[in-house]
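If you want the building blocks of each chain, they are given just below.
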Amino acid sequence: GAGVSQTPSNKVTEKGKYVELRCDPISGHTALYWYRQSLGQGPEFLIYFQGTGAADDSGLPNDRFFAVRPEGSVSTLKIQRTERGDSAVYLCASSNNGAGGVSDTQYFGPGTRLTVL
Amino acid sequence: DQQVKQNSPSLSVQEGRISILNCDYTNSMFDYFLWYKKYPAEGPTFLISISSIKDKNEDGRFTVFLNKSAKHLSLHIVPSQPGDSAVYFCAAGGAGNMLTFGGGTRLMVKP
């Protein structure tokens, strides 16, 4: 595909349930990022992968959140025991090589809107 | 403490005029900055970026200015078009790979 894709586009779940959100990065991009955007705010960093490994997970709010990227391409963000405060748009981005800087632009997917009832 | 701030939540401009969106930051370790545009139900779309070694970068109707001493950057859109109506986010990056975003400014360009 031409851009970053995310599935599902919308997810409604009940408090306490487990959810998985999927991200398919731009083909060939080695770096992948997850952000969370709450209503009326800018995206907030959650975790960054370089290849298969999580290079920086300092943004994950607690141990209910976990992400994997087993083959260095598709990534899954997993949320256990969901809470109403987890409701937000979860955005995934990818960049060419993770070197950072203006030559390593992060391109975003359309996001998954998670609603926890 | 917000490290990147966009103090104007909204801005209304007449078509054909200049739109100026502002962004302030506090962390002097940021060394590159980006502007993203976001339509409803879509992800942020990259617009333009600037390295801290520059004070200006231009791409068509979009120009970003960086004032490092004031820790301030701005995005100029000229001439503004109705299709530019969206939420604009500034973002900053530093030694790590994460981006730190401002809260966004909603731009409305009136025909």
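We now turn to the structure provided with this report. Here the structure is a predicted model, which is why all the values come from computation and not from measurement.

## Some words on the sheet that holds strand S8 (residues 75-79) of chain A
Residues and elements named next belong to chain A.
Line of reasoning, step 1. Read from one edge to the other, the open sheet built from four strands follows the order S1-S3-S8-S7, with strand pairing classed as antiparallel. Sheet topology places strand S1 (5-7) and strand S7 (65-68) at the edges, where each strand pairs with a single neighbour. In this sheet, neighbouring strand axes are inclined to one another by 15 degrees on average, regardless of whether the strands run parallel or antiparallel.
Line of reasoning, step 2. Two strands pair when backbone bridges link them, and S1 and strand S3 (residues 19-24) are joined in this way by three bridges, in the antiparallel orientation. For Ser5, the partnering residue across the bridge sits in S3 and is Asp24.

## Examining the state of the cysteines
Residues and elements named next belong to chain A.
Line of reasoning, step 1. Under the definition given, this model contains two disulfides over all chains.
Line of reasoning, step 2. Residue pairing for Cys23: its cysteine sulfur links by disulfide to Cys92, the two sulfurs lying 1.8 Å apart. As the torsion about the S-S bond is roughly -65 degrees, the Cys23-Cys92 disulfide counts as left-handed. Here the residue Cys23 occupies a position in strand S3, and Cys92 occupies one in strand S9 (residues 88-95), the gap between them amounting to 69 residues. Of the two residues, Cys23 and Cys92, both sit in the buried class.

## A few points about the pattern of salt bridges
Line of reasoning, step 1. With the rule as written, the count across this model stands at four salt bridges over all chains.
Line of reasoning, step 2. For A:Glu83, the salt bridge goes to A:Arg64, with nearest N and O atoms at 3.5 Å. Taken as a pair, A:Glu83 in the loop between S8 and S9 and A:Arg64 in the loop between strand S6 (53-56) and S7 lie far apart in primary sequence, 19 residues in all.
Line of reasoning, step 3. Residue class for A:Glu83 comes out partly exposed when judged on its relative accessible area of 39%.
Line of reasoning, step 4. Two residues, B:Asp84 and B:Arg61, come together in a salt bridge whose shortest N-O distance is 2.8 Å. With B:Asp84 in the loop between strand S8 (72-77) and strand S9 (86-93) and B:Arg61 in the loop between strand S6 (56-59) and strand S7 (62-67), this residue pair connects regions lying 23 residues apart in the sequence.
Line of reasoning, step 5. In this structure B:Asp84 comes out as buried when scored by relative accessible area, which is 2%.
Line of reasoning, step 6. The structure contains a network of salt bridges with shared partners spanning A:Arg64, A:Glu83 and A:Asp86.

## A look at the interface of chain A and chain B
Line of reasoning, step 1. Of the residues lining the interface, 24 residues belong to chain A; the matching set on chain B comes to 19 residues.
Line of reasoning, step 2. Buried surface at the junction of chain A and chain B, both sides included, amounts to about 1,500 Å², of which 63% is carbon and sulfur.
Line of reasoning, step 3. Looking at the side of chain A facing chain B, the largest losses of area belong to A:Pro43, A:Val102 and A:Phe108, adding up to 30% of the total buried there.
Line of reasoning, step 4. The interface formed by chain A and chain B includes zero salt bridges.

Rules and cut-offs
Residues numbered from 1 in each chain as written. Chains lettered and ligands numbered in written order. Predicted model: local features only at pLDDT ≥ 70, side-chain atom pairs only at ≥ 80, totals over all residues. Heavy atoms only, no water. Pairing = 2+ DSSP bridges. Helix = DSSP H or I, 4+ residues; strand = E, 2+ residues; numbered from the N terminus. Axes fitted to C-alpha atoms, helices over the stretch in contact; angles between N-to-C directions. Disulfide = S-S within 2.5 Å. Buried < 20%, exposed > 50% of the residue type's maximum accessible area, 1.4 Å probe, protein only. Salt bridge = Lys/Arg side-chain N within 4 Å of Asp/Glu carboxyl O. Contact = heavy atoms within 4.5 Å. Buried area = accessible area lost by both parts, 1.4 Å probe.

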